[in-house]
Amino acid sequence: MRFELRSVTAGYGETVALREASLVVPSGLVVALLGPNGAGKTTLLRVASGLLAPRSGQLLVDDRDVTGFSSAELTQAGLCHVTEGRSVFPSLTVRENLRMFARPGEEREALDRAVDAFPRLGERLSQIAGTMSGGEQQMLALARAYVSRASVVLLDEVSMGLAPIVVDEIFAFLDRLVADGSTSLLLVEQYVTKALAIADHVYMLDRGRIVFCGEPDELDADALASSYLGAS
Ligand code: ATP
């Protein structure tokens with residue numbers, strides 16, 4: 001599934017956080033979205049997932065105009081948004097969470113697929129999700145994208161605050177998620193080097209505008225460093 005934002009402007013009250021931003025997530029590819037703090041990365045993902053309505057511009061799924069669709073409608077269309085924390089049902093068990101994420105009739109298979117991807121979840125199927133560690137909850141949230149067979153997965157800083165070994169597990173999982181070519185990713189990630197290593201395309205946002213679009217090896221390392229350092 002191809003996903004596109006076309007000339008999207010969005011914001012909060014007086015604040016314009018995104019200005020005529022255009023971005024394409026081609027079918028089966030990984031797109032990294034970079035930019036300094038406050039550049040508008042989270043805002044772009046919120047617009048993409050239907051959480052924030054754009055002031056102008058369009059959202060397109062396989063060239064179908066889905067502007068104005070609710071989050072639920074976009075999920076139905078194949079999108080899955082995973083944010084840092086809070087992406088699971090905390091009062092349900094791991095098993096119940098996985099069943100909720102599965103497609104109807106695929107509950108058993110969903111459990112097997114999730115446990116295969118994250119063996120640690122298999123040891124905790126009866127545990128209340130909210131009592132798991134941050135890393136385990138993030139694995140469960142990512143398993144959702146996998147077992148629901150989402151076509152486009154939007155990932156907002158999913159490795160934030162996690163131990164390096166868990167971050168490695170998550171990146172290994174992302175490789176697996178895209179391996180069969182039916183899932184594409186739009187990735188906002190603080191581990192820029194890791195994100196660039198799996199990305200096919202890169203976009204750079206600065207103060208709400210897309211200032212670079214290309215392949216990872218076209219990215220000027222100095223410009224990247226000064227963009228990040230300049231804002232911190
Ligand atoms: P970071 O890397 O720090 O998470 P970001 O690139 O994700 O930043 P956004 O969170 O999208 O940036 O924020 C873009 C701009 O919109 C910032 O100036 C921010 O202060 C503002 N903003 C974000 N959320 C809100 C809100 N709910 N109300 C008002 N302004 C907001």
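Above this text you will find the structure in question.
Being a predicted model, the structure only gives us computed values, none of them experimental.

Caption draft 1: Expanded view of the nonpolar core. One finds Val 82, Leu 98, Leu 140, Leu 142, Leu 155 and Leu 174 to be the most contacted residues of the largest nonpolar core, which totals 44 residues. Those residues in contact with Leu 98 that lie beyond four places of it in its chain are Ala 110, Leu 111, Ala 114, Leu 125, Leu 140, Ala 143 and Val 147.

Caption draft 2: Examining the site of the ligand more closely. Surrounding the ligand, one finds Tyr 12, Thr 15, Ala 17, Pro 36, Asn 37, Gly 38, Ala 39, Gly 40, Lys 41, Thr 42 and Thr 43. Measuring from an oxygen atom of the ligand, one finds a side-chain N or O atom of Asn 37 at 3.1 Å. In the environment of the ligand, an oxygen atom lies 2.9 Å from a nitrogen or oxygen atom belonging to the backbone of Gly 40. Isolated, the ligand exposes 640 Å² of accessible area, and the fraction of that covered by the protein chains is 58%. Of all the secondary-structure elements, those providing two or more residues to the shell around the ligand are strand 2 (15-25) and helix 1 (41-48). Sorting elements by how many residues they give to the shell around the ligand places helix 1 first, with three residues.

Caption draft 3: Examining the pattern of salt bridges more closely. Going through the model one piece at a time under the given rule, you end up with 11 salt bridges. With a shortest N-O distance of 2.6 Å, Arg 176 and Asp 116 are connected by a salt bridge. In this pair, Arg 176 sits in helix 7 (residues 164-178) while Asp 116 sits in helix 4 (residues 107-117), placing the two residues 60 residues apart along the sequence. Residue Arg 176 is classed as partly exposed on the basis of its relative accessible area, which comes to 31%. Take Asp 116: its relative accessible area is 51%, and that puts it in the exposed class.

Conventions we followed
Residues numbered from 1 in each chain as written. Predicted model: local features only at pLDDT ≥ 70, side-chain atom pairs only at ≥ 80, totals over all residues. Heavy atoms only, no water. Core = buried A, V, L, I, M, F, W, Y, C linked by side-chain atoms within 4.5 Å. Buried < 20%, exposed > 50% of the residue type's maximum accessible area, 1.4 Å probe, protein only. Contact = heavy atoms within 4.5 Å. Near = heavy atom within 4 Å. Polar contact = N/O pair within 3.5 Å; in protein donor to acceptor, adjacent residues only side chain to side chain. Areas by Shrake-Rupley, 256 points an atom, 1.4 Å probe, with all protein chains shown as cover. Helix = DSSP H or I, 4+ residues; strand = E, 2+ residues; numbered from the N terminus. Salt bridge = Lys/Arg side-chain N within 4 Å of Asp/Glu carboxyl O.

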